[in-house]
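So the chains spell out like this:
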Amino acid sequence: MTSDLLNLEGVTKSYASSGLLARKTFNAVDEVGFALDASRPEIFAIIGESGSGKTTLARMILNMVPTSAGTIRFRDKALATIRGRRARLDFMRQVQPIFQNPYEAFNPLKRVDRYLYATARRLARVGRTEVDRVCDEALRKVGLSLAEVRGRFPHELSGGQLQRTAIARALISGPALLVADEPVSMVDASLRMSIVDLFKALRDELGVSIVYITHDLATAYHISDRIIIMQKGRVVESGDARAVLDNPQHPYSKLLKSAVLSPDNAETDEKVADPSVLPFDTRTV
Ligand code: ADP
Ligand code: MG
């Protein structure tokens, strides 16, 4: 037995590559490894540009797609060995997803409280008389209440309210781990920080660990304890969030940071990108 909540070793996902050459494959996720300690809830960020393999990795951690190679363990149990409805439900109770677009996560024709009720009944095994209380409790953890969302359709809530409702739904079963795949990228920029701050509060007050997937260095810097930076399926840099983002070592990490700190949105002049890490070397042009 280890004390790991989540442990990934050599995790790889291969897909057939598009193109004319038959039977060619590429690794969307390539030998990724990391572990989260069960005794220390943390926000663990996976950072990378579009196409770097973040969603594929998230879906493997959520046991929605199998790995091609390597092992993912949740509390020492390999996900590949989870069999049967009861074991699957038990896993889902403990590991919950939050997706990028809340308007896609909710059926537009279904009232949002129905999702909360269904999750409470099915995953948390809450009896009919307790459902309202349990859903209200979950909504209060994200700054809403059942009175505010009851009877509403998704389009009747703002993007921020709907994403908070999705987070509340994920909390109903009392999970130990949330896997949030770009959870604020569809949310209005002015509301992003309040939602990522909510993740911090969930870590500190409920002891939930969070895998926070993003291409946004600013929110990652703000809330993460540790990060990994992915490029083309591989981890190119990892460590303490502030140490890595204050002083990135890998050229790709430097490039990501320099893109954020372009002159338009640089916080201070001395932080403006080092020209040696620009996509092309202007000095030789
Ligand atoms: P990200 O979330 O970082 O943008 P993804 O995990 O969605 O990256 O995708 C990583 C790579 O894997 C991309 O090149 C994407 O086209 C490819 N990919 C993702 N899912 C599939 C799939 N089901 N079949 C084939 N290729 C896929
Ligand atoms: Mg993605």
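Scroll up to find the structure this text is about.
Since this is a predicted model, take the numbers as computed values, not measurements.

1. Considering the site of ligand 1
The local shell around ligand 1 consists of Tyr15, Phe26, Ala28, Glu49, Ser50, Gly51, Ser52, Gly53, Lys54, Thr55 and Thr56. In the model, an oxygen atom of ligand 1 is placed 3.2 Å from a nitrogen or oxygen of the Ser52 main chain. Protein contacts shield 59% of the accessible area of ligand 1, which totals 560 Å² for the unbound molecule. Breaking the shell around ligand 1 down by element, the ones donating at least two residues are β2 (25–37) and α1 (54–61). Ranked by residue count, the leading element in the shell around ligand 1 is α1, at 3 residues. Across the shell around ligand 1, the residue classes break down as 3 nonpolar, 6 polar and 2 charged.

2. Things to note about the nonpolar core
Counting 50 residues, the largest nonpolar core has Ile167, Phe199 and Tyr212 as the members making the most contacts within it. Ranked by residue count, the leading element in this core is helix α7 (residues 159–171), at 6 residues. Among residues more than four places away in sequence, those in contact with Phe199 are Ile43, Ile98, Ile167, Ala180, Pro183, Ile210, Tyr212 and Ile223. One finds Val32, Ile46, Phe74 and Val95 within the second-largest nonpolar core, a separate group that totals 29 residues.

3. As for the side chain of Arg164
Along the chain, Arg164 falls in helix α7. An unpaired buried charge is present at Arg164: no salt bridge exists, and Asp197, the closest side chain of opposite charge, is 8.3 Å distant. If sequence neighbours within four positions are ignored, Arg164 has contacts with Val142, Leu144, Ser194, Ile195 and Leu198.

Reading the values: rules and limits
- Residues numbered from 1 in each chain as written.
- Chains lettered and ligands numbered in written order.
- Predicted model: local features only at pLDDT ≥ 70, side-chain atom pairs only at ≥ 80, totals over all residues.
- Heavy atoms only, no water.
- Near = heavy atom within 4 Å.
- Polar contact = N/O pair within 3.5 Å; in protein donor to acceptor, adjacent residues only side chain to side chain.
- Areas by Shrake-Rupley, 256 points an atom, 1.4 Å probe, with all protein chains shown as cover.
- Helix = DSSP H or I, 4+ residues; strand = E, 2+ residues; numbered from the N terminus.
- Nonpolar A, V, L, I, M, F, W, Y, C, P; charged D, E, K, R; others polar.
- Core = buried A, V, L, I, M, F, W, Y, C linked by side-chain atoms within 4.5 Å.
- Buried < 20%, exposed > 50% of the residue type's maximum accessible area, 1.4 Å probe, protein only.
- Contact = heavy atoms within 4.5 Å.
- Lys, Arg positive; Asp, Glu negative; His and termini not counted.
- Salt bridge = Lys/Arg side-chain N within 4 Å of Asp/Glu carboxyl O.

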